[in-house]
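# Summary of the model geometry
Residues per chain, in single letters:
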Amino acid sequence: LPSPIVLGTLQSGSGRPLLLVHGFPFDAEQWSEQMAPLAARRRVVAVDLRGRGRSTHAPDVDWTLDTHADDLARTLDELGVGPADVVGLSMGGYVAFAFLLRHPDKVASLTLIDSKSGGDTPEAKHGRDENARIVREHGTKALVPLLVPKLVAPTSPAWVGQKLSVMIERTPPSTCIRDLMAMRDRPDSDPAAVRVPALVLHGALDALMPVAAARTMAAAIPGARFVEIPGSGHIACLENADAVNQALSSFLAQLDRGA
Ligand code: MLT
């Protein structure tokens, strides 16, 4: 048997882990603006999901979101830390839902940023196949003009789009294709089944996932807080890092007070 994948991490701070799970097709660098500010409250652990970044080489087999979730569990075990405050952006939120279902004892709280609980519609599934074909034929680079304009609000600073482009281009094509298939085949998650403290953050200008749907999802999660992130599209942690860090810090402070 091949040795298990070890996920690469960016880390800062100390104490209870804050596990940051990036979206598609990015890596841990997506959380660059959270590493220092949130280190005041937590041991911040931003992972590279398998197949990219600092993670060890993935075996040549397909994966599902459950595979990513099990990688997170193994990574926390290897770090020797207890339950984490789990934060997932977009695809990272899908992984966080899978993680909560499969490893509930490892989740102290759940934060979903620019994400959703529903699975793909038939039309969205078709889009996954189409994007996989484009990556297979033209490489990951071909996703940059297709994705970046939809991800970032027109008013966001240019460096955000540039940073996203760099991350997209360095993600191996096979990794992109496997993530696309994993997202295509994911099940619906049930927001009403969440039994941990929860926070939902969503960019007011998210063109990919409307903020109204996120508000509805948050209302279905027992006790969840919802914060709309002004001036941000789909990548709120970069587009309006201050607002995201503030909302997360105050949520974590409230958890620490046992409120
Ligand atoms: C992401 O940002 O992770 C993806 O756009 C999510 C998706 O395509 O469903």
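Residues numbered from 1 in each chain as written. Predicted model: local features only at pLDDT ≥ 70, side-chain atom pairs only at ≥ 80, totals over all residues. Heavy atoms only, no water.

## What about the overall build of the protein?
Summing up its helical and strand segments, the protein has 10 helices and 7 strands in all. Radius of gyration (C-alpha) of the protein: 17 Å, near the 18 Å computed for a compact globule of 259 residues. By its C-alpha atoms, the protein is 55 × 45 × 35 Å across when sized along the principal axes. Taken over 259 residues, the protein has a buried fraction of 55%. When contacts within the protein are restricted to residue pairs at least 6 apart in sequence, long-range pairs at least 24 apart make up 79% of them. In the structure as shown, the protein presents an accessible area of about 10800 Å², 56% of it carried by carbon and sulfur atoms. Each charge sign in the protein was given a centre, from 26 positive and 29 negative side chains, and these centres are 2 Å apart. (Helix = DSSP H or I, 4+ residues; strand = E, 2+ residues; numbered from the N terminus. Rg over C-alpha atoms; globule rule 2.2 N^0.38 Å. Buried < 20%, exposed > 50% of the residue type's maximum accessible area, 1.4 Å probe, protein only. Contact = heavy atoms within 4.5 Å. Areas by Shrake-Rupley, 256 points an atom, 1.4 Å probe, with all protein chains shown as cover. Lys, Arg positive; Asp, Glu negative; His and termini not counted. Charge placed at Lys NZ, Arg CZ, Asp CG, Glu CD.)

## Topic: the site of the ligand
Neighbouring the ligand are Gly 23, Phe 24, Ser 90, Met 91, Tyr 94, Arg 128, Met 183, Leu 208, Met 209 and His 234. Phe 24 places a polar main-chain atom, nitrogen or oxygen, 2.7 Å from an oxygen atom of the ligand. His 234 has a polar side-chain atom sitting 3.0 Å from an oxygen atom of the ligand. For the shell around the ligand, the per-class residue count stands at 6 nonpolar, 3 polar and 1 charged. (Near = heavy atom within 4 Å. Polar contact = N/O pair within 3.5 Å; in protein donor to acceptor, adjacent residues only side chain to side chain. Nonpolar A, V, L, I, M, F, W, Y, C, P; charged D, E, K, R; others polar.)

## Focus: the sheet that holds strand E7 (residues 225-229)
As summarised here, the arrangement of the 7 strands in space is E1-E3-E2-E4-E5-E6-E7, forming an open sheet in which the pairing is mixed. In the strand order of this sheet, the two ends are held by strand E1 (9-12) and E7, each with one partner. Shown here is a sheet whose adjacent strand axes are inclined to one another by a mean of 20°, direction ignored. With 4 bridges joining them, strand E2 (residues 17-21) and strand E4 (residues 84-89) adopt parallel strand pairing. Note that in E4 the partner of Leu 19 across the bridge is Val 86. Along the sheet, helix H3 (residues 91-102) makes contact with E2, E4 and strand E5 (107-113), crossing E5 at roughly 155°. (Pairing = 2+ DSSP bridges. Axes fitted to C-alpha atoms, helices over the stretch in contact; angles between N-to-C directions.)

## Overview of helix H6 (residues 158-170)
Taking 1.5 Å as the rise per residue, H6 with 13 residues should run 18 Å; its terminal C-alpha atoms sit 19 Å apart, in good agreement. Residues Val 160, Gly 161, Leu 164, Ser 165, Met 167 and Ile 168 constitute the buried set of H6. Viewed along the axis of H6, the buried residues span an arc of 165°, placing them on a single side of the element. Facing away from the buried side of H6 by more than 90 degrees, the exposed set consists of Ala 158 and Gln 162. Elements in contact with the buried residues of H6: helix H5 (143-151) and helix H9 (236-239). (Expected span 1.5 Å × (residues − 1). Arc of directions from axis to C-beta.)

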